[in-house]
Amino acid sequence: MKVTDHIAQAKDTLVSFEILPPLKGKTINTIYNNLDPFMEFKPSFINVTYHRIETMFKKKADGTFEKVEVKKRPGTVAICAAIKNHYNVDTVPHLICGGFTKRDTEDALIDLSFLGIDNVLVLRGDAAKNEANFEPEVGGHSYAVDLQKQVDNLRNGIYLEEDIKNGGKADFCIGTAGYPEKHFEAPNLETDMLHLKEKVDAGADYIMTQMFFNNQKFFDFVKACRNMGIEVPIIPGLKPITNKKQLSILPKVFHVDIPADLSNAILKAKTDEDVEQIGTEWLIQQSKELKAFGVPVLHYYTLGKQHVILDVVRAIR
Ligand code: FAD
């Protein structure tokens, strides 16, 4: 079932979760062990992130280095199918431009369609670790909106091979990313919002946001979207802070602000347990306020912090 159908049929705020594929070498049971406790909340859908190939230099016995391409977290499509099959819960694979030609993308979409997966979150992806800026694959897409147009074409049965006439339609529900605090490469929030509007006009069915720790930024973002005619559902992405290091890592990696009240409280905390407690309570408050605001779904980035997310969702039910 599509994310938008879940939202349309909902009687209350829905809950969803996002997981990462496990590191190569782990089994699917790692995923099930992580997800089992979340099933008590009857999540509407589960997102599975996509991680592109990384280039590494491995030292050889003779002291020289060999360039190797490694995918540390493979399996996004297979994990989505496994979760759907195991729990009968809808899944949302993340699909990125980076590392994909248009043909690779088409094949991935055909796999998803054959597996009965109705949703995709369409993203550009970040620059590869060895690149300063995002470089599209030769024969690939430069921006999420271009990838989205390809998914939209498949919704209309239009394939890359022009000789495929009346092709089967793969009716995906398309999600797109939004940034309440601006995407870090955009010159300003207005320009970033215009690009977001382009993605919605090109067929995105809903927006899922980057994490944020100050709800006012989300409320302002929703208002700005509505003022410019973006009417699709906007789903907040939420993450707990659980250790002191995140006070510098999260702004650096995700380009988000941490409110002074939260960072001061965490800096004053004496133990790791105290930090986790402060982060948990902050997220509970954030979630309650967002629920009262009327968000359609509370979407939690689990990122290994299973027990914290469980405490948060139990507290807001
Ligand atoms: P775009 O919408 O293409 O925007 C990228 C930048 O280009 C922005 O600054 C935008 O303003 C600008 N822009 C957009 N369109 C145009 C245009 N036509 N012309 C000029 N400029 C333009 N990354 C992963 O690798 N794997 C994941 O699984 C993953 N999941 C994510 C989930 C969510 C909810 C979010 C918010 C992000 C996720 N990311 C993921 C990170 C994401 O890939 C990066 O933030 C990436 O840098 C931008 O992706 P985007 O889809 O927002 O790109």
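Note that the coordinates shown come from a computational prediction; the quantities given were computed from them, not determined experimentally. (Residues numbered from 1 in each chain as written. Predicted model: local features only at pLDDT ≥ 70, side-chain atom pairs only at ≥ 80, totals over all residues. Heavy atoms only, no water.)

Visitor: Outline the packing of helix H7 (residues 215-227) against helix H10 (residues 272-293), listing residues and values.
Guide: Two quantities define a packed helix pair, namely the angle between the helix axes and the distance between the axes. Interhelical geometry of H7 versus H10 gives an angle of 25° and a closest axis separation of 10 Å. Relative to H10, H7 is oriented roughly parallel. Note that H7 runs across H10; the crossing there is right-handed. Contact with H7, carried on its side by Asn 215, Phe 218, Phe 219 and Val 222, involves Gln 286, Glu 289, Leu 290 and Phe 293 of H10 and no other residues of that element. For the contact of H7 with H10, the class distribution of residues is 5 nonpolar, 2 polar and 1 charged. (Axes fitted to C-alpha atoms, helices over the stretch in contact; angles between N-to-C directions. Helix = DSSP H or I, 4+ residues; strand = E, 2+ residues; numbered from the N terminus. Parallel < 35°, antiparallel > 145°, perpendicular 65-115°, else oblique. Left-handed = near helix turned anticlockwise from the far one by under 90°. Contact = heavy atoms within 4.5 Å. Nonpolar A, V, L, I, M, F, W, Y, C, P; charged D, E, K, R; others polar.)

Visitor: Provide a residue-level description of the pattern of salt bridges, including the pertinent values.
Guide: Counting across every chain of the model gives 14 salt bridges. For Glu 161, the salt bridge is made with Arg 103, and the minimal N-O distance between the two is 2.9 Å. In this pair, Glu 161 sits in the loop between helix H5 (144-155) and strand S7 (173-178) while Arg 103 sits in helix H4 (residues 102-114), placing the two residues 58 residues apart along the sequence. The exposure class assigned to Glu 161 is partly exposed, which follows from its relative accessible area of 32%. Under the relative-accessibility criterion, Arg 103 is labelled partly exposed at 47%. Each of Glu 40, Arg 314 and Arg 317 takes part in a single network of salt bridges with overlapping partners. (Salt bridge = Lys/Arg side-chain N within 4 Å of Asp/Glu carboxyl O. Buried < 20%, exposed > 50% of the residue type's maximum accessible area, 1.4 Å probe, protein only.)

Visitor: Just give me the short version of the sheet that holds strand S5 (residues 90-96), but keep the residues and values in it.
Guide: Taken together, the 8 strands give a closed barrel; going around it, the order is S1-S2-S5-S6-S7-S8-S9-S10, and neighbouring strands pair in parallel fashion. In this sheet, neighbouring strand axes are inclined to one another by 25° on average, regardless of whether the strands run parallel or antiparallel. Direction of pairing for strand S8 (residues 206-211) relative to strand S9 (residues 234-238): parallel, over a ladder of 3 bridges. Within S9, the residue paired with Met 211 across the bridge is Gly 237. Along the sheet, H10 makes contact with S9 and strand S10 (297-301), crossing S9 at roughly 170°. (Pairing = 2+ DSSP bridges.)

Visitor: Can you explain the pairing of strand S2 (residues 45-48)? Please cite residues and give values.
Guide: Here S2 shows a buried face lined by Phe 45 and Asn 47 and a second buried face lined by Ile 46 and Val 48. Note: strand S1 (residues 14-19) against S2, 3 bridges, orientation parallel. Paired with Phe 17 across the two strands is Ile 46, which belongs to S2. Crossover connection from S1 via helix H2 (residues 28-35) to parallel S2: handedness right-handed. Alignment of S2 against S5, held across 4 bridges, turns out to be parallel. The residue of S5 that forms the bridge with Ile 46 is Thr 91. (Right-handed = clockwise from strand over helix to strand, strands pointing away.)

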